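Listed below, chain by chain, are the residues.
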Amino acid sequence: GSLPHPDMESLGGVGTVLGCSAGIAMGVLVFSAYKLGLLYQLFHKTKSPRHGGESVAAVLRAHGVKYLFTLVGGHISPILVACEKVGIRVVDTRHEATAVFAADAVSGTPGPVFIEFPIDTLYPYHLVSKEFGVKNPPKGLMGKVVSWYLNNHLMNLFAGAWETRDVSPLPVDIPQATDDQVQKCIELVSRAKKPVILLGSQATLPPTPADDIRKTLENLGIPCFLGGMSRGMLGKDSPIHIRQNRRDALKEADLVLLAGTVCDFRLSYGRVLNRRSKIIAINRDKTQLLKNSDMFWKPTIAIQGDAGSFLVRLSKGLKGHRCPEEWPQTLKAGDVTKEKGNRAKADEKTEHHLNPLKVLHCVDELMAEDSIIVADGGDFVGSAAYIMRPRGPMRWLDPGAFGTLGVGGGFALGAKLCRPESEVWIVYGDGSLGYSVAEFDTFTRHKTPVIAVVGNDACWSQISREQVPILGSNVACGLAFTDYHIVTDGYGGKGYLIGREDEDRLSDIIRQAQRETREGKATLLNVLIGKTNFREGSISV
């Protein structure tokens, strides 16, 4: 055989190099096309008359959302229109904070209340493309590159946007107590002679229905102090619901079960707990579970888990066992004595206007058995918490641990939509009313008649009570005896002014307001109240 000519070898080498270079160049082009989204655009539809609001509405519907609360704006109009089309009721309020509070009241579950949607993903392609492009692009190569880049970015935003996707809810991981933890608690409770349960708002969260928790507590027979959203869990006259003298009961208890209750300022950071007591603490949040522990208190058993589910399992493990009856009877007797004293204080005459305690007692006696109470205020609401008795589970909504004023309008709106047959009462201080009085327009337009009772003492009384004796000034605490009833009339509702001269007719006026509400009018009782010493010593910071 003959050897290849040297020139042929050189040509072969050059061909290999060129082939490799071409392959690399092709690879770079394909990779660039992939990164720029050009390949995706080839196989996925881009242009469509549909808009991003439809995608948002589809997700909300898949999650069982029935109401969308909003303050209208062009940046969210596609969402509102799309939700209306799929049967989600759009409820527009007069303040965006009200929309948030209403959503909170409806869901009862903490979570995001607002997500920012870039406007270029909400409107249809043909509208966005008109606004997206450069109106007067720079001349030359750079101008063409910029224009191409922006157009390609727009194509990527919309490519495949309308293809079917799974929008069903993701599973929620709720921490639960272990079987071993539950068994240890069963043993502790079974040996206790004077147990007490402190139930917090967290116990009302899903997955355990509130009615199941109520039955569980009744089966256990352990005296209960109810706080936050758990007020009403046992109805208004339960023999195991203790409302007064909590500090004394905790000092005497040999076992305390903190079911979603946190040792923060409401429990003096745990200092009110007897150090000799066995303490079972259960909370979903580890930080809240152990707050101030080993400083002022120490849990015997601390469980990161769901309080409601835990109570049900505890009750099943204690089947046949009940708390010794003498203990809740003793505490209930103390309740009766304290409440007789409160009633006597309600009959005292104030220097001016009406006694706020008498007003609250009268409302509590006349409100319907299916009533929902929304609390929004400071001093007047603080008194209401001692006097008014929620009729059942999930029938008390309040501002929470930090006293977030302004929840009244939104909470009441959400409550009335969820339970239109119920009488919904808002207990307002005159200071907090200023945040949401405009929502009487919303109540009128959306046919959600509620009743508001306003304790009008022309003052931020909860602050003034401490500020004046400590600092010697009432600066910024004074308000006016404003005609809130006339404001209500202007928004399409019905307002009543009630002063000392109406004391003998107080019950009749409340009944008239109830009739007006049943007939479809939101009503407001503007009650002029005087000063009492009922809440002396209560904290305002």
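Nothing here was measured: the structure is a model prediction, and the numbers come from that model.

*Asks:* Before we go on, may I ask you to explain the overall build of the protein chain in this structure?
*Replies:* Of regular secondary structure, the protein chain possesses 21 helices and 13 strands. Its C-alpha atoms give the protein chain a radius of gyration of 32 Å, more than 25% over the compact-globule value 24 Å for 541 residues. With the principal axes as the frame, the protein chain shows a C-alpha extent of 120 × 60 × 45 Å. In the protein chain, buried positions account for 46% of the 541 residues. The contacts of the protein chain with a sequence gap of at least 6 include a subset with a gap of at least 24, amounting to 73%.

*Asks:* Before we go on, may I ask you to explain helix α9 (residues 210-220) in this structure?
*Replies:* Think of an α-helix as turning once every 3.6 residues; residues three or four places apart then point the same way. Those residues of α9 not exposed but buried are Ala 210, Ile 213, Thr 216, Leu 217 and Leu 220. Projected down its long axis, α9 shows its buried positions confined to an angular sector of 115°, all on one face. Looking at the packing, one finds that the buried side of α9 touches β3 (195-199), β4 (224-226) and α12 (307-317).

*Asks:* Just checking my understanding: could you explain the side chain of Ser 436 for this structure?
*Replies:* With respect to the element layout, Ser 436 can be found in helix α17 (residues 430-436). Sequence-distant contacts of Ser 436, defined by excluding residues within four places in its chain, comprise Thr 98, Asp 376, Gly 406, Gly 408, Gly 409 and Tyr 428.

*Asks:* Help me understand a positive patch on the surface, please; the structure alone is not making it clear to me.
*Replies:* Among the surface-exposed residues, Arg 246, Arg 247, Lys 251 and Arg 271 lie close enough to one another that they form a single positively charged patch. Tracing the chain through its elements places Arg 271 in the loop between β5 (255-259) and β6 (278-283). A residue is classified by how much of its surface remains accessible, and Arg 271, at 46% relative accessible area, is partly exposed.

*Asks:* Looking at this model, I keep getting lost on the side chain of Ser 422. Mind explaining?
*Replies:* Within the fold, Ser 422 resides in the loop between α16 (408-418) and β10 (424-429). Every residue in contact with Ser 422, bar those within four places of it in the chain, is listed here: Asp 370, Ile 372, Arg 395 and Lys 416.

*Asks:* Looking at this structure, how should I read the nonpolar core?
*Replies:* Of all hydrophobic cores here, the largest spans 52 residues; its most connected members are Leu 199, Leu 217, Leu 257, Leu 258 and Phe 310. Here Leu 257 is in contact with Val 196, Ile 197, Leu 198, Ile 280, Ile 282, Phe 310, Leu 311 and Leu 314, once residues within four sequence places are set aside. Core analysis: the next-biggest nonpolar cluster, separate from the first, contains 32 residues, Leu 357, Val 427, Tyr 496 and Ile 510 among them.

*Asks:* Whenever I open this one, the sheet that holds β10 confuses me. Can you help?
*Replies:* Within a sheet, each strand pairs with its neighbour through backbone hydrogen bonds, oriented either parallel or antiparallel. Read from one edge of the open sheet, 6 strands run β9-β8-β10-β11-β13-β12, paired in parallel fashion. A strand with exactly one partner marks an edge of an open sheet, and here the two such strands are β9 (396-397) and β12 (494-498). Strand direction decides the pairing type here: strand β11 (residues 451-456) and strand β13 (residues 523-528), joined by 6 bridges, are parallel. Note that in β13 the partner of Ile 451 across the bridge is Thr 523. Most of the contacts of helix α21 (residues 506-518) go to β12, to which it runs at about 175°, and overall it touches β10, β11, β12 and β13.

*Asks:* Whenever I open this one, the pairing of strand β2 (residues 89-92) confuses me. Can you help?
*Replies:* Walk down a regular strand and you will see the side chains alternate between the two sheet faces. Examined bridge by bridge, strand β1 (residues 67-70) and β2 share 4 bridges and lie parallel to one another. Along β2, the bridge assignment pairs Leu 68 with Val 90. In this view, the connection linking β1 to its parallel neighbour β2 by way of helix α4 (residues 77-85) has right-handed handedness.

*Asks:* Could you clarify how one ought to interpret the packing of aromatic side chains in this entry?
*Replies:* Aromatic ring pairs are defined here through the distance separating the ring centres and the angle between the ring planes. One pass over the structure, following the stated rule, counts 5 aromatic pairs. When the ring centre of Phe 296 is taken as reference, the NZ or CZ atom of Arg 271 above it lies at 4.8 Å. The ring centre of Tyr 496 lies 5.5 Å from the NZ or CZ of Lys 494, which sits over that ring.

*Asks:* Is there a simple way to explain helix α14 (residues 356-366) in this structure?
*Replies:* The buried fraction of α14 is high, at 9 of 11 residues. Among all positions in α14, only Pro 356, Leu 357, Val 359, Leu 360, His 361, Cys 362, Val 363, Asp 364 and Leu 366 are buried. Packing partners of the buried residues in α14 comprise α13 (326-346), α15 (379-387), β10, β11, α21 and β13. Two or three places before Leu 357, at the start of α14, stands the capping residue Asn 355, its side-chain oxygen 2.9 Å from that residue's backbone nitrogen.

*Asks:* In this structure, what is going on with the pattern of salt bridges? I would like to understand it.
*Replies:* Between side chains of opposite charge, pairing is possible as soon as their charged atoms come close. For the structure on display, the rule yields 24 salt bridges. For the salt bridge of Glu 503 with Lys 349, the shortest nitrogen-to-oxygen distance reads 2.7 Å. Here the residue Glu 503 occupies a position in the loop between β12 and α21, and Lys 349 occupies one in the loop between α13 and α14, the gap between them amounting to 154 residues. The residue Asp 441 makes a salt bridge to Arg 445 at a minimum N-O spacing of 2.8 Å.

*Asks:* Help me understand a nonpolar patch on the surface, please; the structure alone is not making it clear to me.
*Replies:* Where nonpolar side chains cluster on the molecular surface, the patch consists of Met 26, Leu 29, Val 30, Phe 31, Tyr 34, Leu 39, Leu 42 and Phe 43 and spans about 920 Å² of accessible area. Of all the secondary structure elements, the ones that give two or more residues to the nonpolar patch are α1 (6-35) and α2 (38-43). With 5 residues, the top contributor of residues to the nonpolar patch is α1. Turning to its location among the elements, Tyr 34 is positioned in helix α1. Of the residues examined, Tyr 34 reaches a relative accessible area of 56% and is grouped as exposed.

*Asks:* Looking at this structure, how should I read the sheet that holds β3?
*Replies:* Spatial strand order, β4-β3-β5-β6-β7: 5 strands in an open sheet with parallel pairing. Edge strands, defined here as strands with exactly one partner in the open sheet, are β4 and β7 (301-304). For this sheet, the mean angle separating the axes of adjacent strands, direction not counted, is 10°. Here 4 bridges tie β6 to β7, and the two strands are oriented parallel to one another. Directly across from Asn 283, in β7, lies its bridge partner Gln 304. Together, β3, β5, β6 and β7 form the strand contacts of α12, whose direction differs from that of β5 by roughly 135°.

*Asks:* Would you explain the pairing of β3 in this entry?
*Replies:* Within β3, 5 of the 5 residues are buried, leaving the element largely enclosed by the surrounding structure. Burial along β3 is two-sided: Pro 195, Ile 197 and Leu 199 facing one way and Val 196 and Leu 198 facing the other are all buried. Where β3 and β5 come together, 5 bridges link them in parallel fashion. Counted as the bridge partner of Pro 195 is Leu 255 from β5.

*Asks:* I'm lost on the UniProt feature "domain: Thiamine pyrophosphate enzyme N-terminal TPP-binding" (unreviewed entry) in the protein chain in this one. Help?
*Replies:* Sequence positions flagged by UniProt for "domain: Thiamine pyrophosphate enzyme N-terminal TPP-binding" (unreviewed entry) are, in local numbering, residues 51-107. Across residues 51-107, helical content stands at 56% and strand content at 14%; the span's end C-alpha atoms are separated by 27 Å.

What counts and what doesn't
- Residues numbered from 1 in each chain as written.
- Predicted model: local features only at pLDDT ≥ 70, side-chain atom pairs only at ≥ 80, totals over all residues.
- Heavy atoms only, no water.
- Helix = DSSP H or I, 4+ residues; strand = E, 2+ residues; numbered from the N terminus.
- Rg over C-alpha atoms; globule rule 2.2 N^0.38 Å.
- Buried < 20%, exposed > 50% of the residue type's maximum accessible area, 1.4 Å probe, protein only.
- Contact = heavy atoms within 4.5 Å.
- Arc of directions from axis to C-beta.
- Patch = residues over 30% accessible without salt bridge, like charges linked within 9 Å, V, L, I, M, F, W, Y side chains within 5 Å.
- Areas by Shrake-Rupley, 256 points an atom, 1.4 Å probe, with all protein chains shown as cover.
- Salt bridge = Lys/Arg side-chain N within 4 Å of Asp/Glu carboxyl O.
- Lys, Arg positive; Asp, Glu negative; His and termini not counted.
- Charge placed at Lys NZ, Arg CZ, Asp CG, Glu CD.
- Core = buried A, V, L, I, M, F, W, Y, C linked by side-chain atoms within 4.5 Å.
- Pairing = 2+ DSSP bridges.
- Axes fitted to C-alpha atoms, helices over the stretch in contact; angles between N-to-C directions.
- Right-handed = clockwise from strand over helix to strand, strands pointing away.
- Phe/Tyr/Trp six-rings, centres within 6.5 Å; stacked < 30°, edge-to-face > 60°.
- Lys NZ or Arg CZ within 6 Å of the ring centre and 35° of its normal.
- Polar contact = N/O pair within 3.5 Å; in protein donor to acceptor, adjacent residues only side chain to side chain.
- UniProt positions renumbered as here; feature names shortened; annotations may be inferred.

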